[in-house]
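Coordinate analysis (summary)
Spelled out, the chains give:
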Amino acid sequence: MRFNKQELQALASQTSQNFDKEGVLTFRERQDGFFRRSEGCSLRWFRLRGNLLFYLKGPEPWYEPMGVIVLGHHRVKTQPPDENGHWPFQIVWDNGVSYRMAAHHESERTLWLEAIQMAPYDNIKAQIASLRDRLNKIRPHVDIATYRLQRGIVTDMNEVPLCELALSCDNLLCDTHGRPPSPLVVLYVRYPKGLCVRYGTTEVVEPCSNPCFSKTILFRASDGLTGDAVVRIVVYDVKERVSETTVPMGYTSLTLATIQDSQRVRVALSTRENKTVGFVTVNGWSLEPSYIGSPIHTDKTVDIHRIQCHRRAHSLPPRLGLKLKFPSYGNVLKQNFVNSHQVTYRFHSGLGGDITVHEVMAEAKICFQLPAELLNMFIQREKELLEQLLSVGEICGHWQHKQLELVGAHVALLKHYCRCRRCLASPEAHFKPSAKKEHVSLEFAPINLHLQRMWVHNDTLNKSGFHDVITAGAFAVHTNKNERTGGLIRLVQQAKDVNSTKAAIDSATANKIQAEYDTVVAIRTLRDEIADGAARVCMYVQAGRGEEATAVVDDIKSKVKKMITLWDPNAIEESLSVIGWPQKISNESEIQTMCTIKRLIEQLTSSDTHSSDCDTLSSCSSSKDPSPTTDPPPLSSSAPNINKNLEFHNDYFESERKLFNHSFRSVRSQTPKLNEQCRSLDANNEYGSVELSYKCLDLSTGKKTSSHSQDMGETDPAVKESNLSCLKHLATELQEALEAYSSTAVDAAQCKASLELLETHAARLLTSARALVSRASVAHAALRLRCEPAQWTRDHAQLQARRDKCFSQALTTVTAGLVSWLCGANAHIVSLLSSGLGPLCGFEGLLSLYAAERAMWGDMAVAVEDLHTVQFTLTKSDHNNVLPRVSGTRGSLVVHIPISDSLYAKFTNKEHLTFTITAVFFNIGVNEKATLAEALGETTPQYHSNCDNYDRLHKYYLKYCKVCPQDHTARASSRTKPLEEVMENLRIAVHKKVPKNVEVLHLAALATRLMNGIRFTSCKSAKDRTGMSVTLEQCSILASEYHLADTEMRKALAIMRSEGCRRENTFKNIGVRKYAFTKKQVAALPEDYRPPPGTFSSSQT
């Protein structure tokens, strides 16, 4: 155990009233002689305080302290009086250590024994708990968070408070050594029924007798407060900030009505003995009665930035006649974010006025809802691929073994997706704490996702505005704790390595399979569109709208022609002939297909190699018919891109060919030429004909084998010609069905044919279209069985699942940021989206490239890149359309974001409601692991990635200057640099190779804000390092845009970190209001990123 000698000496030298027991005892101790050491008895003055027993050098209290005995886990033994008439006793520990001492009288020894028995820390702690319980029975005492939770009170961001209080003290008494106190003010509210609630606190001001507190306290009507409520103001002296040890100094009580009616009240602080220990000044700001407790509804008469209402007392001096400023957050923000925590401050500006700051932290409702929707899409894709593999029916030989292996990979992935979706299905859960970041079932949800919003108003400048930052944990798979590679970047790079023969063959196979799958998707989409068109034709004919029915029929004709163009009988016959033609392919019943699934799953679970992969889906079938030869109808018309080498997009990975281990310029690599040769769809997504060579590839050796090998069997030319004729007949039958349907539809539109006849021909047309889709799906499954190795499928599934998890976290986070951005008072939203530029999303990372965080960085870099192909569409907000939702497929995702009617009406061209984002990701490690990474030279990938992202940001900057040429110059002030200068400084900073170059993060954040972008900040769990970064950015905004006084900068930073929303964020995640830093970790952080003393400890994150 370590002690601070000076602190112990100061504690032992205090006045007598600070000790529990003191007096003279005879102390038997070792004495050092000239030749030997012996034991002797000395008279010492003993002092007991808590569990510390001090003894002095002499028998009087003015002697110097000599030593201390720490009491705890000890025993006390008494002995009979000795020959000197003393009453001895011993303090003994289990390890053999003992202290012997004696009192002069028996009664004195009894008092010492009682005091020593009660001295251990456990006894003191139990006494405190007992006294607190007794006090709560007499006067129930809870904090405001518990009170709201018990009564189901939900904090509304738009609720206007009853009043706002700012406190200051003066003439607080010093201690006996003349040292001023470290005051902390706590406000208690006593309700009429006797319940006492700890309603709010101020920050702790370092030793000062005349403190002025910057943190203010809001009183809300939703908490049941009325004018009769008694507000008790208690001032504490904080003795030790780490353990939050406080001593009450004095108190006073006022009614809430008195505070509301009086603008400035100065009252005395007194102790229980009615001794005055100082004064407290209460400054209150109240609203007119018509506004009290009422939520704000945005309309034309209310300022969307703030609400200013004069105080009731209009006869006060002008300096005191301030107005209460309160922002309006809007209903859309309230509908998308919940469980808000709000902290308010008032700082002094360099211009002599006040700066009102409202800091809000809220959870995003889509934290679990959006990943669940993505999982539905992923599950649908796996079901489609599983049905395609089973649609080939009964096959024999090694083909059946390959079929079981491929089915096993899809079933394992489907099982994992279903379990994750089930865990995300809770409608009331909106938050994933960092303590659950390693839960496998919650990996699709972002960690610690919050909106950090700051609203600021400067009285002197009459300037106000919102400033948002979205905080979330790194978009990574946090269960891979032992991974020391580059994460997804490394895995994708290995899969795209053009110098690897195996990777090239795998890429060629994947593109070949993808080409045919694109054809299947196109045919299936056309089939569904034809079905929808036929239904509309019947509706128009029944309504007597002949012209509209004729137009739809023409559209159906064009779609059928496209379907026939995509139909390639030769390729399909070649694929099916390899594994043997299924005996029966029809669309009789989906139940029979489920029976096939059940049968194959049972075979799979009985296999030793795949027993752990498949124990589900057997309940999908309710039929006992084991026939596996039927072909099921497809489950969905919009199948995702599956085997496309895991490419959501290509621009970031195709620009360079350098490998990860060499230059690692981010994750760019050149796609093999085979990719270009095997593409089936052009850039305009027009469905063209697909002509592929379906020669079988032996992927295990990388060699081509003959299609007439022994395994495949040799096809008889007559049989081949017969099969080809059957396939061509399907297209002919579809053409005939179309002609019959179109002529009947025209006659029905002219009332020359009955509706029943039209429906009959429509059913024939759809049956013919389904037959084409069925054969194409079977051919695609056959190609997979022929060309796709089972090991490649399993590796592909693992990589795809990991990328899905990271992408889900990134998409949920960026959607939350877009919602807050669209709810802000940003006048340039319409101009940005109308220009086709889209918003800028600036991601700030604080990850080190050492050990596990290196993989997290790689995962996050790929996840941010994958956001570029997502389309976002703005829709009108109503009662049924409140939260964002996802539609489309994996390769073409569309996120629908509801917005207010007023913003929606500003878009004259509705095509501008759809846009994409530009995402940039800058990462700089700041902790002690970043120091190790820089010492080992492992930050080169980070350097190149930052350079690449600067290039992208600079391209966006050039486009932004054309769209908004005057915006960035108008926003520049005396304290804010112009955007042009910021970009130049960022270019210089990015190319500097200096340790922990946090200037890159500061300049990138400033450039994002100047271009009206959206800010995102992440570390491993978005709790500790993110808290330091967010508070630093908020104070930088106050200083640069709202003229926060230079003397207030460090003070504001310390207050936000010790009393602001980020301190509450630590409690929500780990149950402790401490940042998880040790002293060594704090010393390794840059100076601006260090938490205040007493706000951190080595907590488990």
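Residues numbered from 1 in each chain as written. Predicted model: local features only at pLDDT ≥ 70, side-chain atom pairs only at ≥ 80, totals over all residues. Heavy atoms only, no water.

Looking only at helices and strands, the chain features 29 helices and 33 strands. Residue burial in the chain is summarised as follows: out of 1101 residues, 55% are buried. Within the chain, contacts between residues at least 6 apart in sequence are counted, and of these 72% link residues at least 24 apart. Of the accessible surface of the chain, which amounts to about 47900 Å², a share of 51% is contributed by carbon and sulfur atoms. (Helix = DSSP H or I, 4+ residues; strand = E, 2+ residues; numbered from the N terminus. Buried < 20%, exposed > 50% of the residue type's maximum accessible area, 1.4 Å probe, protein only. Contact = heavy atoms within 4.5 Å. Areas by Shrake-Rupley, 256 points an atom, 1.4 Å probe, with all protein chains shown as cover.)

Buried residues dominate strand 25 (residues 840-845), accounting for six of its six residues. Residues Leu840, Gly842 and Glu844 of strand 25 are buried on one face, and the alternating residues Cys841, Phe843 and Gly845, pointing to the opposite face, are buried as well. Where strand 25 lies against strand 30 (residues 918-923), six bridges are found, and the strand directions are parallel. Along strand 30, the bridge assignment pairs Phe843 with Phe921. Bridge analysis of strand 25 against strand 31 (residues 1014-1018) gives five bridges, and the strand direction is parallel. (Pairing = 2+ DSSP bridges.)

To continue, consider the environment of Asp122. Here Asp122 shows up in helix 3 (residues 121-138). By relative accessible area, which is 48% here, Asp122 ends up partly exposed. Separated by 71 residues in the primary sequence, Asp122 and Asn51 place their C-alpha atoms 9.7 Å from one another.

A few words on the environment of Val235. Its place among the elements puts Val235 in strand 13 (residues 230-240). By relative accessible area, which is 0% here, Val235 ends up buried. Remark: the alpha-carbon pair of Val235 and Phe279, spanning 44 residues in sequence, is separated by 9.8 Å.

A few words on the sheet that holds strand 28 (residues 892-899). Within a beta sheet, neighbouring strands are joined by backbone hydrogen bonds and run either parallel or antiparallel to one another. Strand order in this open sheet of four strands is 27-28-26-29, and the pairing throughout is mixed. Unpaired on one side and paired on the other, strand 27 (885-889) and strand 29 (914-915) mark the two borders of the sheet. The sheet contacts of helix 7 (residues 366-390) involve strand 27 and strand 28, and relative to strand 27 the element is tilted by about 20 degrees. Seen against the sheet, helix 17 (residues 790-823) touches strand 26 (871-876), strand 28 and strand 29 and runs at an angle of roughly 30 degrees to strand 28. (Axes fitted to C-alpha atoms, helices over the stretch in contact; angles between N-to-C directions.)

Relative to the helices and strands, Thr875 is located in strand 26. In this structure Thr875 comes out as buried when scored by relative accessible area, which is 17%. Beyond its immediate stretch of four places on either side in the chain, Thr875 contacts Asn881, His896, Ile897, Pro898, Ile899 and Tyr904.

All right, on to the side chain of Thr281 then. By secondary structure assignment, the location of Thr281 is in strand 16 (residues 276-286). Note on Thr281: relative accessible area 4%, which makes it buried.

What follows concerns the packing of helix 25 (residues 999-1010) against helix 26 (residues 1025-1041). It is at 12 Å that the axes of helix 25 and helix 26 come closest, and there the two elements cross at 60 degrees. In this view, helix 25 runs oblique relative to helix 26, as classed from their interaxial angle. The handedness of the crossing between helix 25 and helix 26 comes out as right-handed. On helix 26, the residues touching His1002, Ala1005 and Arg1009 of helix 25 are Leu1032, Glu1033, Ile1037 and Glu1041. Split by residue class, the contact of helix 25 with helix 26 holds three nonpolar, one polar and three charged. (Parallel < 35°, antiparallel > 145°, perpendicular 65-115°, else oblique. Left-handed = near helix turned anticlockwise from the far one by under 90°. Nonpolar A, V, L, I, M, F, W, Y, C, P; charged D, E, K, R; others polar.)

Counting across every chain of the model gives 36 salt bridges. Here Asp156 ties to Lys334 by a salt bridge, and the two come within 3.3 Å at their closest N and O atoms. With Asp156 in the loop between helix 4 (144-151) and strand 9 (163-170) and Lys334 in helix 6 (residues 331-336), this pair connects stretches of sequence that are 178 residues apart. By relative accessible area, Lys334 is classed as partly exposed at 38%. The partner of Arg1025 in a salt bridge is Glu853, and the shortest N-O contact between them spans 2.8 Å. Here Arg1025 is found in helix 26, whereas its partner Glu853 is found in helix 19 (residues 852-865), with 172 residues between them in sequence. (Salt bridge = Lys/Arg side-chain N within 4 Å of Asp/Glu carboxyl O.)

With that settled, the discussion passes to the packing of aromatic side chains. In this structure the tally under the stated criterion is 16 aromatic pairs. Summarising the aromatic geometry, the rings of Tyr329 and Phe466 are spaced 5.7 Å apart at their centres and angled 50 degrees between planes, so their arrangement reads as tilted. Of this pair, Tyr329 sits in the loop between strand 18 (323-326) and helix 6 while Phe466 sits in strand 22 (residues 463-471); the two residues are 137 residues apart in sequence, bridging distant segments of the chain. The burial state of Tyr329 is the same as that of Phe466; both residues are buried. By the ring-pair criterion, three or more aromatic residues cluster together here, those being Phe27, Phe46, Tyr55, Trp93 and Tyr99. One residue, Arg346, lies across the ring of Trp285, its end atom 3.9 Å from the ring centre. When the ring centre of Phe1067 is taken as origin, the NZ or CZ atom of Arg1073, which lies over that ring, is 4.0 Å away. (Phe/Tyr/Trp six-rings, centres within 6.5 Å; stacked < 30°, edge-to-face > 60°. Lys NZ or Arg CZ within 6 Å of the ring centre and 35° of its normal.)

Counting residues in each nonpolar core, the largest one holds 194 residues, and the members touching the most others are Leu811 and Phe843. For this core, the element with the most residues is helix 17, which contributes 14 residues. Contact partners of Leu811, with chain neighbours within four places excluded, come to Leu370, Leu374, Leu867, Val870, Phe872, Leu893 and Val895. Cys163, Val189, Ala229 and Leu254 belong to the second largest nonpolar core, which has 36 residues in total. (Core = buried A, V, L, I, M, F, W, Y, C linked by side-chain atoms within 4.5 Å.)

This brings us to the confidence of the model for the chain. Overall, the prediction assigns the chain a mean pLDDT of 78, with 79% of residues at 70 or greater. Every residue in residues 583-590 is under pLDDT 50, and counting partners more than four places away or in other chains gives 16 contacts. (pLDDT = per-residue confidence, 0-100.)

So, on to the packing of helix 7 against helix 17. Relative orientation and spacing of two packed helices are given, respectively, by the angle between their axes and the distance between those axes. It is the contact of helix 7 with helix 17, at a shortest axis distance of 9 Å, that shows an interaxial angle of 140 degrees. In terms of their interaxial angle, helix 7 and helix 17 are classed as oblique. Both helix 7 and helix 17 take part in a crossing whose hand is right-handed. Facing Ile366, Cys367, Leu370, Pro371, Leu374, Phe378 and Arg381 of helix 7, the residues of helix 17 in contact are Gln800, Asp804, Ser808, Leu811, Thr812, Thr815 and Ala816.

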